[in-house]
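# Observations on the three-dimensional arrangement
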Amino acid sequence: STGMSPISADSIHESDADLVPGAVAAEWSSTPYGLVGLSGHGSAMRMLIGNRYTGGSGDLLHMSETSALDENHPSFVILGACSTAQPENEDNLARSLLENGSIAIIAATRSTIGEPGLTEFEDSNTPAGFVYGISLQLIEKSPTFGAALFDFKKSLDCPDSGKLKNVLAFNL
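Our subject in this report is the structure included herewith. (Residues numbered from 1 in each chain as written. Predicted model: local features only at pLDDT ≥ 70, side-chain atom pairs only at ≥ 80, totals over all residues. Heavy atoms only, no water.)

## Brief notes about the overall build of the protein
- The secondary structure content of the protein amounts to five helices and seven strands.
- Listed by position from the N terminus, the elements making up the protein come as α-β-β-β-β-β-α-β-α-α-α-β.
- When the 172 residues of the protein are sorted by exposure, 42% land in the buried category.
- Long-range pairs, those at least 24 residues apart, make up 64% of the contacts in the protein with a sequence separation of at least 6. (Helix = DSSP H or I, 4+ residues; strand = E, 2+ residues; numbered from the N terminus. Buried < 20%, exposed > 50% of the residue type's maximum accessible area, 1.4 Å probe, protein only. Contact = heavy atoms within 4.5 Å.)

Here it is, written out as structure tokens:
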């Protein structure tokens, strides 16, 4: 990181790009991706950089940025954040992505439960774990996007109602 992001020091991952507002949309609109997975804090219209523990520093992706995406190179998308596909809100990020350059989207219709500080996402029933696990299923095992979601959900251990909430919240 070049240090321009206020939360760059909190990341354990090295990068040449700063995670600042507008960066995801700019990268995504200029580079064709077959699969896009994002994890962060969310609401119906946006995903945020950081969370309540690290302090937010702007939008990771806002629905107003989706019109700039390349519809000639659509992507499969996994949004690992609360409420980005909230059905009673027609102006939600997932719908906006479907209308602007996405083939299909897996996203949460309700709030979800994460684990702050988690760095290993294999078999993790967290929003970031859903992004990682579904991506892995799609790449290695499952023939379709829907099958990847189903197979990942089926593989999870749900010891408490909080983790079951995540299984129920994420939908295609």
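Back to the text.
## Comments concerning the nonpolar core
- Of all hydrophobic cores here, the largest spans 20 residues; its most connected members are W28, L38, L79 and L97.
- Only α1 (23-30), β1 (35-39), β4 (59-62), β5 (75-80), α2 (93-99) and β6 (102-108) provide two or more residues apiece to this core.
- Formed by 15 residues, the second largest nonpolar core is a distinct cluster that contains A104, F145, A148 and F170. (Core = buried A, V, L, I, M, F, W, Y, C linked by side-chain atoms within 4.5 Å.)

## Details of the side chain of S135
- When you line up the elements, S135 lands in helix α3 (residues 127-140).
- Here the side chain of S135 touches V131 through a polar contact of 2.6 Å, landing on its backbone oxygen.
- If sequence neighbours within four positions are ignored, S135 has contacts with L35, I78 and F130. (Polar contact = N/O pair within 3.5 Å; in protein donor to acceptor, adjacent residues only side chain to side chain.)

## What about the packing of aromatic side chains?
- According to the stated counting rule, one finds three aromatic pairs in the structure shown.
- Between F130 and F152, the ring centres sit 5.0 Å apart and the planes meet at 80°, which makes this aromatic pair edge-to-face. On the criterion of sequence distance, the pair formed by F130 in helix α3 and F152 in helix α4 (residues 145-155) is long-range, its members being 22 residues apart.
- Looking at F130, the relative accessible area reads 0%, which means it is buried.
- Residue class for F152 comes out buried when judged on its relative accessible area of 3%. (Phe/Tyr/Trp six-rings, centres within 6.5 Å; stacked < 30°, edge-to-face > 60°.)

## Examining the pairing of β1
- Judged by which residues are buried, β1 turns out to be one-sided: V36 and L38 face inward and are buried, whereas L35, G37 and S39, on the alternate face, are not.
- When β1 meets β5, the two strands line up parallel, connected through five bridges. Each residue of the ladder has a partner; that of V36, found in β5, is V77. (Pairing = 2+ DSSP bridges.)

## A short note on unusual backbone geometry
- Not every positive phi belongs to a glycine, and S83 is a case in point at roughly 55°.
- Within the secondary structure layout, S83 lies in the loop between β5 and α2.
- For S83, a relative accessible area of 12% puts it in the buried group.
- If you check the backbone angles, D123 has positive phi at about 60° while not being a glycine.

## Regarding the sheet that holds strand β3 (residues 46-48)
- Spatial strand order, β2-β3-β4: three strands in an open sheet with antiparallel pairing. Looking at which strands have only one partner, the edges of the open sheet turn out to be β2 (41-43) and β4. Put simply, the sheet's adjacent strands are angled 15° from each other on average, direction ignored. (Axes fitted to C-alpha atoms, helices over the stretch in contact; angles between N-to-C directions.)

## Remarks on the environment of L97
- Relative to the elements of secondary structure, L97 occurs in helix α2.
- Residue L97 is classed as buried on the basis of its relative accessible area of 0%.
- Contacts of L97, omitting those with residues within four sequence positions, involve W28, L61, T66, L69, V77, L79, S102 and I105.

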